[in-house]
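Overview (structure and organization)
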Amino acid sequence: MPGSADETAASAYRPLLFSIAYGMTGSVGDAEDIVQDAFLGLTRARQAGTAIADLKAYLATAVTRLGINYLSSARVRRETYVGDWLPEPVVVPVGGRGPAEHAELADSLSMAFLVLLEALSPVERAVFMLREVFGYGYPDVARITGKTEVNCRQIFARARQRIAAGGPVRDSAPPPARRAEGEELARRFFEAAAGGDMDALLGMLAPGVVLHADGGGKAQTIGKSLAGRQHVTRMLVSLLRRAQDMGVSIRLASVNGQPGAVFYDAEGRVVSVIELDTVPNGDGAVVVQAMHAVVNPDKLGHLGPVSDLARLPRKGGPLRPRDGQPGSPRR
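As a further point, take unusual backbone geometry. Positive phi, close to 55°, is recorded for Asn256, a residue that is not glycine. Assessed through its relative accessible area of 1%, Asn256 is described here as buried.

We now examine the packing of helix H7 (residues 122-133) against helix H9 (residues 149-166). The contact between H7 and H9 brings their axes to 9 Å, and the two run at 90°. The angle between the axes of H7 and H9 places the two elements in the roughly perpendicular class. Residues Val123, Glu124, Val127, Phe128, Arg131 and Glu132 of H7 lie in contact with H9, whose contacting residues are Cys152, Ile155, Phe156, Arg158, Ala159, Arg160, Arg162 and Ile163. In terms of residue class, the contact of H7 with H9 is made up of eight nonpolar, no polar and six charged.

This part takes up the pattern of salt bridges. Taken as a whole and assessed by the stated rule, the structure comprises 14 salt bridges. A salt bridge links Arg187 to Glu184; its shortest N-O distance comes to 2.4 Å. Here the residue Arg187 and the residue Glu184 both occupy positions in helix H10 (residues 176-195), the gap between them amounting to three residues, near one helical turn. Looking at Arg187, the relative accessible area reads 33%, which means it is partly exposed. Among the salt bridges present, the one from Glu267 reaches Arg269, with a minimum N-O distance of 3.8 Å. Judged by its relative accessible area of 24%, Arg269 falls in the partly exposed class. Connected via shared salt-bridge partners are Glu184, Arg187, Arg188 and Glu191.

Right, let's talk about the environment of Lys56 for a bit. Its location among the elements puts Lys56 in helix H4 (residues 55-79). As for Lys56 and Ala10, which are separated by 46 residues in sequence, their C-alpha atoms are 7.3 Å apart. Here Lys56 is in contact with Tyr13, Leu16 and Tyr136, once residues within four sequence places are set aside.

Strand order in the open sheet made by the seven strands is S1-S4-S5-S6-S7-S2-S3, with mixed pairing throughout. Both edges of this open sheet fall to strand S1 (91-93) and strand S3 (226-227), since each of them pairs with a single strand only. The pairing of strand S5 (residues 258-264) with strand S6 (residues 270-280) spans five bridges and is classified as antiparallel. Across the sheet, Tyr264 pairs through a bridge with Val270, a residue of S6.

What counts, and at which threshold
Residues numbered from 1 in each chain as written. Predicted model: local features only at pLDDT ≥ 70, side-chain atom pairs only at ≥ 80, totals over all residues. Heavy atoms only, no water. Buried < 20%, exposed > 50% of the residue type's maximum accessible area, 1.4 Å probe, protein only. Axes fitted to C-alpha atoms, helices over the stretch in contact; angles between N-to-C directions. Helix = DSSP H or I, 4+ residues; strand = E, 2+ residues; numbered from the N terminus. Parallel < 35°, antiparallel > 145°, perpendicular 65-115°, else oblique. Contact = heavy atoms within 4.5 Å. Nonpolar A, V, L, I, M, F, W, Y, C, P; charged D, E, K, R; others polar. Salt bridge = Lys/Arg side-chain N within 4 Å of Asp/Glu carboxyl O. Pairing = 2+ DSSP bridges.

As structure tokens, then:
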């Protein structure tokens, strides 16, 4: 019943359920839909007289299995995706709260980690996430996924090997001191980029830094990932100079638990979101090892009205790149 103790207890699990669903889908909107479907299923089960001994386990199982079904249908769409695929960003303004009754647990799901998870099958992804990210024991993972405990151990070992082949397994969510250091780096980073200070930018980038961008064939962005400090620095300075000329402003934010920023046009509409993937260098200072830029308008709508500044025309060919702008996306 609305307002009952049972409903209050179930609502307390929403952050966990959202994080499971988001880790499965990489989509804020679809994750919220999956959580809502799980709660609707709970209501129907209660109305049918089903006794639910463990509410948390029931909801986690429902969300995980709905996520597996979602991935099975989404895989074909992912295979035909234009350009690099990145997840929808979970954004929390610096000093504020965003969609972030769920943001705390989503901190453990950086964009780089979610991209690595794309190599896994739906069941592998569920088992790996439940075990690696959320710390479930194998008996619980088996019950949630409907597999045997022995099978789950095998699936996890196989998934971990595949993830390790694609890159390092995620770090845990950064501690407060590291988070504050990352926020300060982001402030200096975007100030230097906007001011065209290439020397300062070079000092904040790891030698092998990579810029990933997701336009989904619907927004103008780089056609493929860009690597190396010099290339990335020149691209950033050029983009920020042009963005300033068009009245774009930058607001610092936490993006999937990492430092980043949201770009807004002169009318306050979202243009893009950038996440900075930071690591300590050999001297103990924090540097940027990867950048993830989401420009696809379909992945920004949950943050507010979306700008047309970077959007490609609906008909005809891609926009021709102007001086200093990245080339048009792959077709």
